[in-house]
Amino acid sequence: MSTDDERERLAATFDHAAGQYQRARPEYPNALYDRLLGTTRLPRGARLLEIGCATGKATRPLAARGFRITCIEPGAALAAAARANLAGFDVDVVEARFEDWAPTGAPFAMVFAATAWHWVDPAVRYRRAAAVLEPRGYLALWNAGHVFPRGGDPFFEELQEVYDEIGESLPPGSARARPQELDDDRDEIEASGLFEVVDIEQYGWEIVYDADGYIELLDTFSGHIAMRDWQRDRLYGEIRRRLARRPGGRVRRHWGGVLQVARRTG
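Remember, it's a predicted structure, so these values are computed and weren't measured experimentally.

Student: An account of the packing of aromatic side chains is requested, with residue identities and associated values reported.
Tutor: In total, this model carries twelve aromatic pairs according to the counting rule given. Taking the centre distance of 5.3 Å and the plane angle of 65° together, the rings of tryptophan 117 and tyrosine 126 count as edge-to-face. As far as the burial class goes, tryptophan 117 and tyrosine 126 line up, both buried. Pairing phenylalanine 155 with tyrosine 214 gives two aromatic rings, centres 6.5 Å apart and planes at 80°, and the pair type is edge-to-face. In this pair, phenylalanine 155 sits in helix 7 (residues 155-165) while tyrosine 214 sits in helix 9 (residues 211-218), placing the two residues 59 residues apart along the sequence.

Next comes the structure, spelled out in structure tokens:
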């Protein structure tokens with residue numbers, strides 16, 4: 001299977017998690033939105049385009065600040081959930097792939113994607129984003145992923161043996177990401193020749209989960225959705241067993257993300 005085919009296969013799995021996504025996925029820090037709007041100085045009422053809105057997790061904070069947002073979401077169940085979650089806001093959810101979507105109307109002041117940009121075909125994503133933006137409009141990208149602080153919860157290191165057992169080992173040479181040390185896409189963004197990076201900022205936060213909450217989170221990740229039933233049964237059973245032995249039955253997961261803001265050139 002080609003890289004493009006694998007990316008599209010995994011991207012399609014998220015629609016199966018529409019019911020859990022809004023509950024289980026973390027909120028992005030308020031400071032991230034404050035930084036984004038402080039950098040771009042977009043006025044209330046500006047038109048924004050979101051790529052891969054899922055259930056509207058990152059849409060709602062910007063809609064609540066008075067922006068008009070068009071969301072592109074390829075999953076039918078996710079798009080339906082987003083419409084329900086964003087009812088009452090000036091938001092239009094379009095069920096489509098960004099690569100195939102035909103825009104109409106005026107250009108946008110900002111294109112943004114929250115933990116979704118890497119699912120868009122890298123051969124066209126910057127060109128298509130630039131094409132729908134106003135002159136000097138903004139591209140904003142941010143994400144949320146697992147990070148491993150020194151002295152963090154050892155649960156994940158210990159659980160790796162179960163992933164190894166079920167054939168879901170880390171790729172050779174993989175390094176565990178550290179807070180505030182995440183890679184950014186500055187070189188790739190500027191290599192497009194279409195954008196100049198104007199701001200990059202890193203964020204970190206922690207969430208405590210019980211076994212049910214942590215398993216519900218895992219059920220929103222493409223790799224876990226794509227597992228065979230026996231793999232998930234073994235992994236989730238072991239998570240429940242190990243957390244049941246802990247006082248309080250909780251696990252601390254650290255999240256990290258990078259906000260990247262670029263301006264269209266030319």
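There is more to say after this.
Student: Which residues make up the layout of surface pockets, and what values go with them?
Tutor: As a volume, the second largest pocket reaches approximately 160 Å³. Around the second largest pocket sit 15 residues that line it, and Phe148, Pro149, Gly152, Asp153 and Glu157 are the ones nearest its centre. Listed by contribution, the elements that provide at least two residues to the lining of the second largest pocket are strand 6 (145-147), helix 7 and strand 8 (250-264). Here the residues of the lining of the second largest pocket are counted per class, giving five nonpolar, four polar and six charged.

Student: Can you break down unusual backbone geometry residue by residue, with the values?
Tutor: Positioned with a positive phi, arginine 41 is a non-glycine residue whose angle comes to about 55°. Mapped onto the fold, arginine 41 is located in the loop between helix 3 (30-40) and strand 1 (47-51). Although it is not a glycine, glutamine 180 adopts a positive phi angle of roughly 65°. Considering the arrangement of structural elements, one finds glutamine 180 in the loop between helix 7 and helix 8 (186-191).

Student: Could you give an account of the pattern of salt bridges, with specific residues and numbers?
Tutor: Using the criterion set out here, one finds 22 salt bridges in the structure. Residues glutamate 216 and arginine 23 are paired through a salt bridge, measuring 2.5 Å at the closest nitrogen-oxygen approach. Residue glutamate 216 is located in helix 9, and its partner arginine 23 is located in helix 2 (residues 18-24); the two are separated by 193 residues in the primary sequence. Judged by its relative accessible area of 21%, glutamate 216 is partly exposed. Residue class for arginine 23 comes out exposed when judged on its relative accessible area of 56%. Between arginine 234 and glutamate 165 there is a salt bridge, with its nearest N and O atoms 2.7 Å apart. Residue arginine 234 is found in helix 11 (residues 229-244), and its partner glutamate 165 is found in helix 7; the two are separated by 69 residues along the sequence.

Student: Could you give an account of the nonpolar core, with specific residues and numbers?
Tutor: Counting 53 residues, the largest nonpolar core has Leu36, Leu48, Leu62, Trp142, Tyr214, Leu235 and Ile239 as the members making the most contacts within it. When neighbours within four sequence positions are excluded, leucine 62 is seen to be in contact with Tyr33, Leu36, Leu37, Leu48, Phe67, Ile69, Phe112 and Trp142. Formed by 23 residues, the second largest nonpolar core is a distinct cluster that contains Ala96, Tyr126, Ala130 and Leu133.

Student: Let's hear about the pairing of strand 3 (residues 91-95): which residues, and what values?
Tutor: Consecutive side chains along a regular strand alternate between the two faces of the sheet. Across five bridges, the pairing between strand 2 (residues 68-73) and strand 3 is parallel. When the sheet's bridge partners are listed, isoleucine 69 is paired in strand 3 with valine 91. Between the parallel pair strand 2 and strand 3, the chain is carried across by helix 5 (residues 76-85), and the sense of this crossover is right-handed.

Student: Talk me through the packing of helix 7 against helix 11; I want residue IDs and the actual numbers.
Tutor: Where helix 7 meets helix 11, the closest approach of the two axes is 10 Å, and the angle between their N-to-C directions is 150°. With respect to helix 11, the element helix 7 is oriented roughly antiparallel. In this structure, helix 7 meets helix 11 at a crossing whose hand is right-handed. Contacts between helix 7 and helix 11 involve Phe155, Glu158, Leu159, Glu161, Val162, Tyr163 and Glu165 from the first element and Arg234, Leu235, Glu238, Ile239, Arg242 and Leu243 from the second. Partitioned by chemical class, the residues of the contact of helix 7 with helix 11 number seven nonpolar, no polar and six charged.

Criteria and cut-off values
- Residues numbered from 1 in each chain as written.
- Predicted model: local features only at pLDDT ≥ 70, side-chain atom pairs only at ≥ 80, totals over all residues.
- Heavy atoms only, no water.
- Phe/Tyr/Trp six-rings, centres within 6.5 Å; stacked < 30°, edge-to-face > 60°.
- Buried < 20%, exposed > 50% of the residue type's maximum accessible area, 1.4 Å probe, protein only.
- Helix = DSSP H or I, 4+ residues; strand = E, 2+ residues; numbered from the N terminus.
- 1 Å grid on protein atoms, 1.4 Å probe; cavity = no way out; pocket = protein on both sides within 12 Å on 5 of 7 lines; lining within 4 Å.
- Points joined across faces, edges and corners; volume = space filled by probe spheres on them.
- Nonpolar A, V, L, I, M, F, W, Y, C, P; charged D, E, K, R; others polar.
- Salt bridge = Lys/Arg side-chain N within 4 Å of Asp/Glu carboxyl O.
- Core = buried A, V, L, I, M, F, W, Y, C linked by side-chain atoms within 4.5 Å.
- Contact = heavy atoms within 4.5 Å.
- Pairing = 2+ DSSP bridges.
- Right-handed = clockwise from strand over helix to strand, strands pointing away.
- Axes fitted to C-alpha atoms, helices over the stretch in contact; angles between N-to-C directions.
- Parallel < 35°, antiparallel > 145°, perpendicular 65-115°, else oblique.
- Left-handed = near helix turned anticlockwise from the far one by under 90°.

Keep in mind these values describe shape, not function.
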